[in-house]
Structure formats: structure tokens, C-alpha cells
Number of protein chains: 4
Amino acid sequence: MTLTDLQQRLAEFAAARDWQRFHTPKNLVMALSGEVGELTALFQWLTPSESSSVLDDPASRAAVLDELADVTIYLARLADVLGVDLLAAAAAKVDRNESRFPVDRLD
Amino acid sequence: MTLTDLQQRLAEFAAARDWQRFHTPKNLVMALSGEVGELTALFQWLTPSESSSVLDDPASRAAVLDELADVTIYLARLADVLGVDLLAAAAAKVDRNESRFPVDRLD
Amino acid sequence: MTLTDLQQRLAEFAAARDWQRFHTPKNLVMALSGEVGELTALFQWLTPSESSSVLDDPASRAAVLDELADVTIYLARLADVLGVDLLAAAAAKVDRNESRFPVDRLD
Amino acid sequence: MTLTDLQQRLAEFAAARDWQRFHTPKNLVMALSGEVGELTALFQWLTPSESSSVLDDPASRAAVLDELADVTIYLARLADVLGVDLLAAAAAKVDRNESRFPVDRLD
């Protein structure tokens, strides 16, 4: 599945339930933010080291995957509603970051 | 560019700058959350209707694209560090949502 | 109850459970962020107008009060751990905002 | 200054600028969330230990105080617009938490 496939599926999911009227960019930004908040709560008391093995525990793994899925879903949906190509925007930003943060070369 | 391509590029970007040590899942969740906060700030005073045309203004468009790029970058990097396939996790979640929120059928 | 009273009570609550070791500023910022995410989720599908009467429904009222309480608790605890006087910091910021956003005077 | 004093001052500030129309609960939740995002960004790359001494550096100190002030301001304003007593709500929540998380007694 590609990001575009996911967005197509989410558009159909919303249309079938007449939920498009709720899916304004403002509302979707809030939904994205709420899901990132739930993801954050899963990591809040972990040390950085513990956070690296958060998927080892089956219950934590399921919870983290579920929140990452929700974050991905709302980000994909928001971009689709706005008509933004997320991967192109990200690539353009990495290009800018390459210029902002040049690698020191010694050779 | 695919999501996997982006993740490969971000991994190389971090490695070239010795930033991998900062990229624990805990820290990346915070970075993702911070960028979603900046995205939220761009929409906070807009009405839902205004939010639908936020890209019409060139300055707003550049700001929104920049924040969407940053959110995408940190979400992609977080998933890569955790070893999670975001699109597969999202597809599995949409499957579950199809069951949780069935469409009423009249035919 | 004052903010200082609340902070004193939260410090005793944490000490009695040996939770102080979890209460680093970094972790408390994440806890605050997670609670704000839960608060956000309660408002995400509401129109601005609906959000103004969110307390009219008893179940919504209880949920909003609970999340506002959690946000207040973690903000108060974070400030206490850092040794910051929140109300003094806020007053100083309002002073600066008075200068940044002067009121037009017609008289 | 008390929390109530701050809220009074913020209400007057908004009224003098005719900003009350922007201050719906939905918008204020987004503003609160955006400021918490900016606060989060200040802590994202710090170790938990480094986060405990974040105020030692003058520039970091000013930035953290500024964001804590903004978070406090929007939380206070949101509560005022909703008509919620934050400190009473927080105290009631601590009461509930005392029951949910009893302290083991050995004596």
C-alpha cells in the first residue's frame, strides 16, 4: 500500500459515512494533535533507553502501533483534504535542511 | 519518492551529522509533537471555513507546507527508528475501523 | 486553594509514592502535552459555536473538567520542579504583550 | 497576582482589542496546544538530566519562561471563557487520584 492508496481508502471511508463535513483542515489538525498526544502519553515516563525497546512488550507494541496508525491516518487525511503531496513537501524540506546543516568535510 | 525512500534519506542525513544519538523514540515523539504544535498554531484563529482555503495565500501556503513537511519527516524517522511500517499499521487500523463503524446499508 | 497550595499537595503526592524520580522536566512536559492532546480530542469535531456550550452536556462537562484538571496538575507540577512562578511569568508576558499589541486610541 | 487576577487582566486585554470573537473554547484549546508544542520543542533533544538544569543557561531560561507563560495564559483564558475553576477542578482530581493510587502503609 502506498500513501496515495491510503488516502484514497480514507476518502472513501469518510464519504461512505458522510463524515466529510467534519473533515475540515482545522478539525483534522486537532485530530492529528490529539493522536500525537496519545502517542506522547505512551512514552512520557520511559527513559530514552527504555523508549528504544518499547516494542518488545506485546501490550506496549500494540498500543504504540495503534497510535502511530492513528497519527498516520489523520496526517494522510489532512494532506489529502488540503491537496498537499506530503512526500514531495518532505523531500523539499530535506533539501533545504541539507543546505542549512552542511556536513563538515575533512577530505 | 516513497515513504521508504524518505526514511532512507533521513537515516543518511542523521548518520552524516552524528545525530543518531539524539534520535531515540522518546526524543522523536517530542520532536513530532513540537512540529504538530507549530502546525496547530497556523490554524488556531481560522474558522473551519477559512482553514479550507489556507493554501490560497502564498505566505500561509509556504508555512503550512513547511510544517506538514516537518511533521512527515519526524513521523517517518520515528517509525524507521522503531522499525514500524506506518502504511501497514494504518491499513490494519482502517480495517478495524471498518468493523467498528459499519456503514448502514439500505439495499 | 491557591496554585501554591496545589503545588505543595502535588509534591507530597509524588513523594509519598516515590514518583519524584519520574518527574523530570522533560517527562512532565510530555505528560502535559499528552493531557492537552486528550483535551484537544474533546473539541476536535465541534464547531466553534458548539465548543462554547460544551459544558451543557453532563458527560462532556465531566470529561472537559477532568482534562482541564490534568493539564493544570502537570503544568503546576512542572513549574514547581523547575522552580518557576507561573503567575509572575504570565504577568510579565502580558506586560510585554501590552507593548507588542498596543490598543488604538481615538480619544 | 492570583489566577483570578490573571484571568481578569486577560479578559480586559482581549476586550480592548476586540479579540473576544477569536476566543472560542475550540480556538483557545488550539492556542494552548500550539504553545505546549513550542515548550516541548525546547526539551526535545535534552536528556532527562539536562532538562533538570535547563534554567541554568540564560537564553534557555528566557525561552522556557516565555513558553510557560504562554501556556499559563491560554489555559487561564480557556478556563475563564468556559467558566471553569481550574484550581477546584485540579483539587477534585487529586482527591480522586488519592483513591486510585493509594499509598502502601506498613505501619
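This structure is a prediction, so every number in the text was calculated from the model and none was measured.

Visitor: Any chance you could break down the overall build of chain A for me, citing the residues and the numbers?
Guide: Each helix and strand in chain A was counted, giving five helices and zero strands. Starting at the N terminus, the α and β elements of chain A follow one another as α-α-α-α-α. A compact globule built from 107 residues would reach a C-alpha radius of gyration of about 13 Å, whereas chain A, at 18 Å, exceeds it by more than 25%. The principal-axis extent of the C-alpha atoms belonging to chain A is close to 60 × 35 × 25 Å. Taking all 107 residues of chain A together, 50% fall into the buried category. Counted over contacts in chain A with a minimum sequence separation of 6, partners at least 24 positions apart contribute 68%. Looking at charge distribution, chain A has the averaged site of its 10 positive side-chain charges lying 7 Å from that of its 17 negative ones.

Visitor: Break down the packing of helix H2 (residues 25-43) of chain A against helix H2 (residues 25-43) of chain D for me, citing the residues and quoting the values.
Guide: The interhelical angle for the contact between H2 of chain A and H2 of chain D, taken along N-to-C directions, is 45 degrees, at an axis separation of 11 Å. Taken as axis vectors, H2 of chain A and H2 of chain D run oblique relative to one another. Crossing angle aside, the handedness with which H2 of chain A passes H2 of chain D is left-handed. Residues Lys-26, Asn-27, Val-29, Met-30 and Ser-33 of chain A of H2 of chain A lie in contact with H2 of chain D, whose contacting residues are Lys-26, Asn-27, Val-29, Met-30 and Ser-33 of chain D. For the contact of H2 of chain A with H2 of chain D, the per-class residue count stands at four nonpolar, four polar and two charged.

Visitor: Give me the lowdown on the relation of the copies chain C and chain A, citing residues and values where you can.
Guide: Superposing chain C onto chain A takes a rotation of 180 degrees plus a shift of 0.0 Å along the axis, which leaves an RMSD of 0.0 Å. The superposition operator between the copies reduces to a two-fold rotation axis. Rotation axis and chain C: the residue whose C-alpha lies nearest the axis is Gly-37 of chain C, separated from it by 2.1 Å. Mapped onto chain A, 100% of the interface residues of chain C are again interface residues, and the two copies thus contact each other with one and the same surface.

Visitor: Report on the interface of chain C and chain A, specifying residues and quantitative values.
Guide: In this complex, chain C contributes 15 residues to the contact, which on the side of chain A involves 15 residues. Of the roughly 1,400 Å² buried at the junction of chain C and chain A (both faces included), carbon and sulfur atoms supply 68%. Contact with chain A buries surface across chain C, with Met-30, Gln-44 and Trp-45 of chain C losing the most and accounting together for 43% of the total. For the pair chain C and chain A, the interface holds zero salt bridges. Among the elements that line the side of chain C that touches chain A, the one with the most residues is helix H2 (residues 25-43) of chain C, at nine residues. Classifying every residue of the side of chain C that touches chain A by side-chain character gives eight nonpolar, seven polar and no charged.

Visitor: Run through helix H1 (residues 3-16) of chain D, naming residues and quoting values.
Guide: Between its first and last C-alpha atoms H1 of chain D spans 20 Å; for 14 residues at 1.5 Å apiece the expected length is 20 Å, and the two agree. Those residues of H1 of chain D that sit buried are Leu-3, Leu-6, Gln-7, Leu-10, Phe-13 and Ala-14 of chain D. Buried residues in H1 of chain D, looked at end-on, bunch into an arc of 120 degrees, giving them a common side. The elements touched by buried residues of H1 of chain D are helix H5 (86-100) of chain C together with helix H4 (58-82) and helix H5 (86-100) of chain D. Of the residues one or two after H1 of chain D, Asp-18 of chain D is the one with positive phi, at around 55 degrees.

Visitor: So what's going on with the pattern of salt bridges? Which residues, and what values?
Guide: It is possible for side chains bearing opposite charge to pair when their charged atoms get close. Enumeration according to the criterion identifies 32 salt bridges over all chains in this entry. A salt bridge links Glu-98 of chain B to Arg-9 of chain A; its shortest N-O distance comes to 3.7 Å. Of this pair, Glu-98 of chain B sits in helix H5 (residues 86-100) while Arg-9 of chain A is found in helix H1 (residues 3-16), placing the two residues in two different chains. Under the relative-accessibility criterion, Glu-98 of chain B is labelled partly exposed at 34%. Note on Arg-9 of chain A: relative accessible area 22%, which makes it partly exposed. When the shortest N-O distance is used, the salt bridge between Arg-96 of chain B and Asp-66 of chain A registers 2.7 Å. With Arg-96 of chain B in helix H5 and Asp-66 of chain A in helix H4 (residues 58-82), the pair connects residues from two separate chains. Connected via shared salt-bridge partners are Arg-9 and Arg-17 of chain A together with Asp-95 and Glu-98 of chain B.

What counts and what doesn't
- Residues numbered from 1 in each chain as written.
- Chains lettered and ligands numbered in written order.
- Predicted model: local features only at pLDDT ≥ 70, side-chain atom pairs only at ≥ 80, totals over all residues.
- Heavy atoms only, no water.
- Helix = DSSP H or I, 4+ residues; strand = E, 2+ residues; numbered from the N terminus.
- Rg over C-alpha atoms; globule rule 2.2 N^0.38 Å.
- Buried < 20%, exposed > 50% of the residue type's maximum accessible area, 1.4 Å probe, protein only.
- Contact = heavy atoms within 4.5 Å.
- Lys, Arg positive; Asp, Glu negative; His and termini not counted.
- Charge placed at Lys NZ, Arg CZ, Asp CG, Glu CD.
- Axes fitted to C-alpha atoms, helices over the stretch in contact; angles between N-to-C directions.
- Parallel < 35°, antiparallel > 145°, perpendicular 65-115°, else oblique.
- Left-handed = near helix turned anticlockwise from the far one by under 90°.
- Nonpolar A, V, L, I, M, F, W, Y, C, P; charged D, E, K, R; others polar.
- Least-squares fit on C-alpha atoms with pLDDT ≥ 70 in both.
- Buried area = accessible area lost by both parts, 1.4 Å probe.
- Salt bridge = Lys/Arg side-chain N within 4 Å of Asp/Glu carboxyl O.
- Expected span 1.5 Å × (residues − 1).
- Arc of directions from axis to C-beta.

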